[in-house]
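# An overview of the molecular structure
Now for the letters of each chain:
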Amino acid sequence: MDVNTAIVRALEIIGVDTVFGGSGQVNGSMMLALRDSEKIRTIAVRNEQAASFMACGYAMFSDKLGVCFSTGGPGEFNLFSGLAVAYSDSLPVLAISGYVSQVIEGKGALNESSGKNRTPDSRAMFGATTKKSFIISRAEYACDIIEEAINLAFEGRPGPVHIHVPKDITTAEVPNYREIMLRIEPILPDPLIIMNAADAVSKALSRNAKLGLLVGYGTFRSKAGQAALEFAEKYNIPFMTTMDGKGIMPENHPLSLGVYGTSGDPGALEYFEQAEMIIAMGNSFAQNATFNYKNLYGDKTLIHINIDKNELGKVYKPDYAIHSDIKPAIKMLAERLAENQPAALNHDYKIDKYYDKVLENSGDKMHPGILSQIISRSLPPGSILLGDAGSGMLWLNCYTQLAGGQNFQNPGSFGPMASHVNGAIGIKCANPSKTVVCVPGDGAYLMGGWELLTCVENNIPVIWIILNNGEYNIVKKFLMNIYGDYAFMKFTNPDFVKFAEACGAAGFRAETPEEFEAAYSQALALNKPVLIDAVIDPDLYPPFSLGKV
């Protein structure tokens, strides 16, 4: 068995059924090995950056390893944006790239990226954007490296890893081939810290203090949504989510206050201000969830649970820092509380959500909030809804209500445009039974929309709803707020319907809520790639709150 086949076999063993990548001279033999796999579907992309975003999507709402591959040199450099997303957003992703033959390393060969003699240094670049970058320098090292890399991707806080495969190693025989093993150990909390935190919660409950749960994306990765919901219900504790955590707990639940943050729901912001104790689960306290890192916890007790000990105290010093997977921590906290038998909370709180507000079009173009409400009302149970970098994700955050196992995700802190335009394809591949709807702005779509061809070619039914306002809307708003002026924010769009049809997809254009609702209904029924060009009012902006200190 050669190195290529050993890599493919390892991916098959751990249940990877789809990989994403681009072709090239240095990784040609890898593509032949993938072609011969009976268990792995290979999606060949137009640009390797899209492959890296698709690998992120594949891992985002599944237990699977996202895999992207490329040739060496320019191909592998196209992977960095997606790996940066995986690194900041805790996604287990493996990137495999070609590398110059070792016997000619340093001579400046085609696509060389050894860092020697004025060649780009891909090893340094991957080292800076992954948990670890490896190089298979000898065929007998292949299985050990593959096993270590894959385990590391899942270990602790998940993240990306990378393997360089030199051209002269790819077809070398592996003399000591063995099947790899996954050895993922959960991170469990310190029982003493759990006991102390539970006692503090028990005392707060006994005096009917205002407690709140703040749920982040780490709660999803730990499969702790149901445990967190049961915890909230038992003690009647209102909960709110960050934008990344939207949908992890049902937003139509009577304890749901909605989203907390700069575009958060008014009721969530009000309750947070009054709360005496916050239990934060799987939060990194991102900029938009902290109102630009304001001092939000000066007069509150903060219990912070996170799988990454570096997140504990990074932004706010918790009173109780629990380094753990979310699920076992919540269960142990609940068990300790049950020993104390505290009463559930009994106080009033206001449900005030943007989703419930009545909106009206003020001009001849659609209100993005109305469009978001329509999307939400007809979104099938279990669907995955995606925003992309820009105002679109904020409109969805405010004016959709997710329940029935539905999930939402926006580009995280790194936040490249088009990451979810293309990531949606990977999400659909990992979740074929779920409806996947991506709502990018027109600027974000134009950065990666050529992969619609990839979707059609591979029959991957994703729905894209393009918010068409001919500008970088949210950036323009920020510039206007700061400078009272803006530049280079406007651009010209193509005919998106003709573009969709030229690619072999279905295309619709909607200029009114009625037209959009009809197009959206058809898109949900078609089970094929669909593009909806939704013309929206460029003079409307999603709600923002500056918060209070």
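Details of the structure are given in the entry above.
Calculation rules
Residues numbered from 1 in each chain as written. Predicted model: local features only at pLDDT ≥ 70, side-chain atom pairs only at ≥ 80, totals over all residues. Heavy atoms only, no water. Buried < 20%, exposed > 50% of the residue type's maximum accessible area, 1.4 Å probe, protein only. Helix = DSSP H or I, 4+ residues; strand = E, 2+ residues; numbered from the N terminus. Pairing = 2+ DSSP bridges. Right-handed = clockwise from strand over helix to strand, strands pointing away. Polar contact = N/O pair within 3.5 Å; in protein donor to acceptor, adjacent residues only side chain to side chain. Contact = heavy atoms within 4.5 Å. Expected span 1.5 Å × (residues − 1). Salt bridge = Lys/Arg side-chain N within 4 Å of Asp/Glu carboxyl O. Axes fitted to C-alpha atoms, helices over the stretch in contact; angles between N-to-C directions. Left-handed = near helix turned anticlockwise from the far one by under 90°. Nonpolar A, V, L, I, M, F, W, Y, C, P; charged D, E, K, R; others polar.

### What to know about the pairing of strand S13 (residues 384-387)
Along S13, one buried face is formed by Ile384 and Leu386 and the opposite face, lined by Leu385 and Gly387, is buried too. Note that S13 and strand S14 (residues 407-409) share three bridges and pair parallel. By the bridge assignment, Leu385 is partnered in S14 with Phe408. The parallel pair S13 and S14, bridged by helix H14 (residues 391-399), forms a crossover whose chirality is right-handed. Sheet topology note: the S13/strand S15 (residues 436-439) ladder contains four bridges and is parallel. When the bridges of S15 are listed, Leu386 appears paired with Cys438.

### A closer look at the side chain of Ser122
Position of Ser122 relative to the elements: it lies in helix H6 (residues 122-129). Within the local environment of Ser122, its side chain forms a polar contact with the side chain of Ser113, the two groups lying 2.8 Å apart. Excluding residues within four positions of it along the chain, Ser122 makes contact with Glu76, Phe77, Tyr99, Ser113 and His164.

### Some details on helix H7 (residues 142-154)
With 13 residues, H7 ought to run about 18 Å at 1.5 Å a step, and its terminal C-alpha atoms sit 19 Å apart, in line with that. Judged by how many residues are buried, H7 sits mostly within the fold: 11 of 13 residues are covered. Every buried residue of H7 is listed here: Ala142, Cys143, Ile145, Ile146, Glu147, Ala149, Ile150, Asn151, Leu152, Ala153 and Phe154. Along its buried surface, H7 packs onto helix H1 (3-13), strand S4 (93-99), strand S5 (132-135) and strand S6 (160-166). Looking one or two places after H7, you find Gly156, whose phi comes out positive at around 55°.

### A few points about the pattern of salt bridges
Note on pairing: side chains with opposite charge can pair once their charged atoms come close. Under the criterion given, the structure shown has 25 salt bridges. The residue Lys132 makes a salt bridge to Glu148 at a minimum N-O spacing of 3.1 Å. Taken together, the residues Lys132 in strand S5 and Glu148 in helix H7 connect sequence positions 16 residues apart. Lys132 sits in the partly exposed class, given a relative accessible area of 35%. Its relative accessible area of 40% is what places Glu148 among the partly exposed residues. Glu339 is paired through a salt bridge with Arg336; the nearest N and O atoms lie 3.2 Å apart. Here Glu339 and its partner Arg336 are both found in helix H12 (residues 326-340), three residues apart, which amounts to about one turn of the helix. Taken together, the shared-partner salt bridges in this structure form one network comprising Asp144, Glu147, Arg178 and Arg183.

### Quick notes on the sheet that holds strand S3 (residues 66-70)
Sheet architecture is open: six strands sit in the order S2-S1-S3-S4-S6-S5, paired in parallel fashion. Among the strands making up the open sheet, the edge pair consists of strand S2 (41-44) and S5. Between one strand axis and the next, the sheet turns through 20° on average, direction left out of account. When S4 meets S6, the two strands line up parallel, connected through seven bridges. Looking across to S6, one finds that Ala95 is bridged to His162. Where helix H3 (residues 48-60) meets the sheet, its contacts fall on strand S1 (18-21), S3 and S4, and the angle it forms with S3 comes to roughly 165°.

### Brief notes about the packing of H1 against H7
To characterise two packed helices, one gives the angle between the axes of the helices and the distance between these axes. Axis separation between H1 and H7 bottoms out at 10 Å; the angle between their running directions is 35°. Here H1 and H7 pass one another in a crossing that is right-handed. Contacts from Val3, Ala6, Ile7, Ala10 and Leu11 of H1 reach H7 at Ala142, Ile146 and Ile150. Looking at the contact of H1 with H7 residue by residue, the classes come out as eight nonpolar, no polar and no charged.

### Observations concerning the sheet that holds S15
With parallel pairing, the six strands of this open sheet are ordered in space as S14-S13-S15-S16-S18-S17. Of all strands in the sheet, those with a lone pairing partner are S14 and strand S17 (506-510), marking the two edges. The mean inter-strand angle of the sheet, taken between neighbouring strand axes irrespective of direction, is 15°. Bridge count between strand S16 (residues 463-468) and strand S18 (residues 530-535): six bridges; the pairing is parallel. Counterpart to Ile465 in the pairing with S18 is Ile532. On top of the sheet, H14 reaches S13, S14, S15 and S16; it is set at about 135° to S13, its chief contact.

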